[in-house]
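Chain and residue survey
Given next are the chains, with one letter for each unit.
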Amino acid sequence: MIFYFTGTGNSLWVAKALGEALGEPLVPIADELRKEDKDLVYPLRQDEKILFVYPVHSWGPAVPVARFISRLVLDGYAGQSVYSVSTCGDECGYADQLLEKALRKRRLPLTAAYSVIMPNNYILLPGFDVDSKEVEEQKLQEAPARVGEIIEAICSGQDSSLYTQGSMPFLKSRLVYPLFAHLAIGRNSFRATDACISCGLCERICPTGTITLQEGKPVWSNTCVQCVACIHRCPVRAIEYGKETLKKGRYHHPQVK
């Protein structure tokens, strides 16, 4: 069973590739979190593999992933393997350790953690932008081989070094990430410009239901988790984040609609 969260499609692409190779069904975390049940219960097969596929946000797991795990109940869990597969622009820091900590609270041990480098998409702060087209294409070309290595490691049960931690992980994951999760989540400066054509795509793809159309224009509530799906997937580039994104690029995975 593959639990996944995605914004611009990178993690969904990886989840689909893993699901096809491992024969495991995909479960969208965003949809599951909308359920009113206190506990989210999933029956397991004896031979089931459990994977969490998610983007790294500010060197930690995307916030909805931890929220999901806090409600997770695996019915029939008897030591089946549990894997973390994170997607990142360049490095993951201690995202794997943070996920492992969340799993331990549900008495679920983490078997192994892997990561896949994908094109950058975070553009909401100064100094952050998408990759150049050349770097973007290179990352997309190299990603399938990395996913193949992860599949081989999972199937063989071998301990492989397929996780990109990067430099200064303590500073980034233990200090910066908590600030991001506390200060950035729930607050936003998104706005629609006059270029908006009222297509409603941003409302439909928002994984947290943050966006609603009012008089044909999107309005953001305070439940944003900065997945950046709306700003990158707007077909007419009518969404901006204050003035910070005016001259920045846009990206979403070319194979994910």
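Structure: above.
These lines cover the structure that appears in this document, whether it is placed above or below. (Residues numbered from 1 in each chain as written. Predicted model: local features only at pLDDT ≥ 70, side-chain atom pairs only at ≥ 80, totals over all residues. Heavy atoms only, no water.)

1. Focus: the nonpolar core
Quick note on the threshold: In this text, buried Ala, Val, Leu, Ile, Met, Phe, Trp, Tyr and Cys residues form a nonpolar core when linked through side-chain atoms within 4.5 Å. Whether a residue is buried, partly exposed or exposed follows from its accessible area with a 1.4 Å probe, protein chains only, as a fraction of its type maximum: under 20%, in between, or over 50%, in that order. Only DSSP runs of H or I with at least four residues qualify as helices, and only runs of E with at least two residues qualify as strands; both kinds are numbered from the N terminus onward. By the convention used here, residues are in contact when the closest approach between their heavy atoms is within 4.5 Å.
Grouped together as the largest cluster of nonpolar side chains are 59 residues, with contacts concentrated most on Phe3, Tyr42, Phe52, Phe68 and Phe190. Sort the elements by how many residues they give to this core and helix α4 (residues 95-104) lands first, with five residues. Excluding residues that lie within four positions of it along the chain, Phe52 makes contacts with Phe3, Phe68, Ile69, Leu72, Val82, Tyr83, Ser84, Val85, Leu99 and Leu103. Counting residues in each nonpolar core, the second largest holds 24 residues, with Leu51, Ala112, Ala143 and Ile154 among its members.

2. Let's talk about the state of the cysteines
Operational definition: Throughout, a disulfide means two cysteine sulfur atoms within 2.5 Å of one another.
Per the counting criterion, the structure on display carries zero disulfides. Summary of cysteine pairing: Cys196 is not part of a disulfide, and the nearest cysteine sulfur, belonging to Cys202, is at 6.6 Å. Classification of Cys196 by relative accessible area gives buried; the value is 14%. Looking at the unpaired Cys227, the closest cysteine sulfur is the one in Cys206, lying at 6.0 Å.

3. Considering a nonpolar patch on the surface
Quick reminder of the rule: Nonpolar side chains (Val, Leu, Ile, Met, Phe, Trp, Tyr) within 5 Å and like charges within 9 Å form the patches, drawn only from residues with over 30% relative accessible area and no salt bridge. Surface exposure here means Shrake-Rupley accessible area, sampled with a 1.4 Å probe, where a residue is shielded only by the protein chains that are shown. Salt bridge, as applied in this entry: a Lys or Arg side-chain nitrogen positioned within 4 Å of an Asp or Glu carboxyl oxygen.
Taken together, Met168, Phe170, Leu171, Leu175 and Val176 make up a surface patch of nonpolar side chains, about 460 Å² in accessible area. Along the chain, Leu171 turns up in helix α6 (residues 169-184).

4. Details of the sheet that holds strand β1 (residues 2-4)
Rule in force here: Here, strands pair whenever DSSP counts at least two bridges between them. Fitting a line to C-alpha atoms yields each axis, with helices limited to the stretch in contact; the angle taken between N-to-C directions then spans 0 to 180 degrees.
An order of β2-β1-β4-β6-β7 is seen for the five strands of this open sheet, with the pairing classed as parallel. Pairing within the sheet leaves two strands with one partner each, and these edge strands are β2 (26-28) and β7 (112-117). Looking at each pair of strands side by side, their axes are set apart by 20° on average, direction ignored. Summarising the sheet, β1 and strand β4 (residues 50-55) pair through three bridges and their orientation is parallel. Residue pairing in the sheet places Phe3 in a bridge with Phe52 of β4. Of the strands in this sheet, β1, β2, β4, β6 (82-88) and β7 touch helix α1 (residues 10-22), which is tilted by about 160° from β4. Against the sheet, helix α5 (residues 133-156) makes contact with β4, β6 and β7, and its axis sits at roughly 165° relative to β7, the strand it touches most.

5. With respect to the side chain of Ser86
Relative to the elements of secondary structure, Ser86 occurs in strand β6. Leave out the neighbours within four places in its chain, and Ser86 touches Tyr54, Val56, Cys92, Tyr114, Ser115, Val116 and Tyr163.

6. Focus: α6
Put simply, the test is: Two axes enter the bend calculation: one fitted to the seven residues ending at the residue in question, the other to the seven starting there, and the bend is the angle between them.
Residue Val176 marks the point of greatest curvature in α6, where the axis turns by about 35°; the proline Pro178 follows within four residues. Taken as a whole, α6 has its buried residues at Pro169, Lys172, Ser173, Tyr177, Phe180 and Ala184. Summarising the contacts, the buried residues of α6 are in contact with α3 (63-69) and α4. Gly186 sits one or two positions beyond α6 and adopts a positive phi of about 95°.

7. A short note on the pattern of salt bridges
Throughout the structure, instances matching the rule amount to 12 salt bridges. Notably, a salt bridge pairs Glu24 with Arg45, separated by 3.0 Å at the nearest N-O pair. Highlighted residues: Glu24 in the loop between α1 and β2 and Arg45 in the loop between β3 (40-43) and β4, separated in sequence by 21 residues. Residue Glu24 is classed as buried on the basis of its relative accessible area, which comes to 5%. By relative accessible area, which is 35% here, Arg45 ends up partly exposed.

8. Focus: the pairing of β6
β6 sits mainly inside the fold: seven of its seven residues count as buried. Residues Val82, Ser84, Ser86 and Cys88 line one face of β6 and the alternating positions Tyr83, Val85 and Thr87 line the opposite face, and both faces are buried. Note that β4 and β6 share six bridges and pair parallel. From the neighbouring strand, Ile50 faces β6, where its bridge partner is Val82. Sheet topology places β6 next to β7; six bridges connect them, and they run parallel. Bridging from a neighbouring strand, Val85 pairs with Tyr114 of β7.

9. Section: the packing of aromatic side chains
Each aromatic ring pair is described using two quantities: the centre-to-centre distance and the angle formed by the ring planes. Using the following cut-off: Centre distance within 6.5 Å is the pairing criterion for rings of Phe, Tyr and Trp, where only the six-membered ring of Trp is used; planes under 30 degrees apart are then read as stacked, over 60 as edge-to-face, and the remainder as tilted.
Scanning all chains against the criterion turns up nine aromatic pairs. Centre to centre, the rings of Tyr83 and Tyr114 are 6.1 Å apart; their planes meet at 25°, and the pair counts as stacked. With Tyr83 in strand β6 and Tyr114 in strand β7, this pair connects stretches of sequence that are 31 residues apart. Neither Tyr83 nor Tyr114 differs from the other in exposure class; each is buried. In textbook terms, an aromatic cluster arises when at least three aromatic residues are bridged by ring pairs, as seen for Phe3, Tyr42, Phe52 and Phe68.

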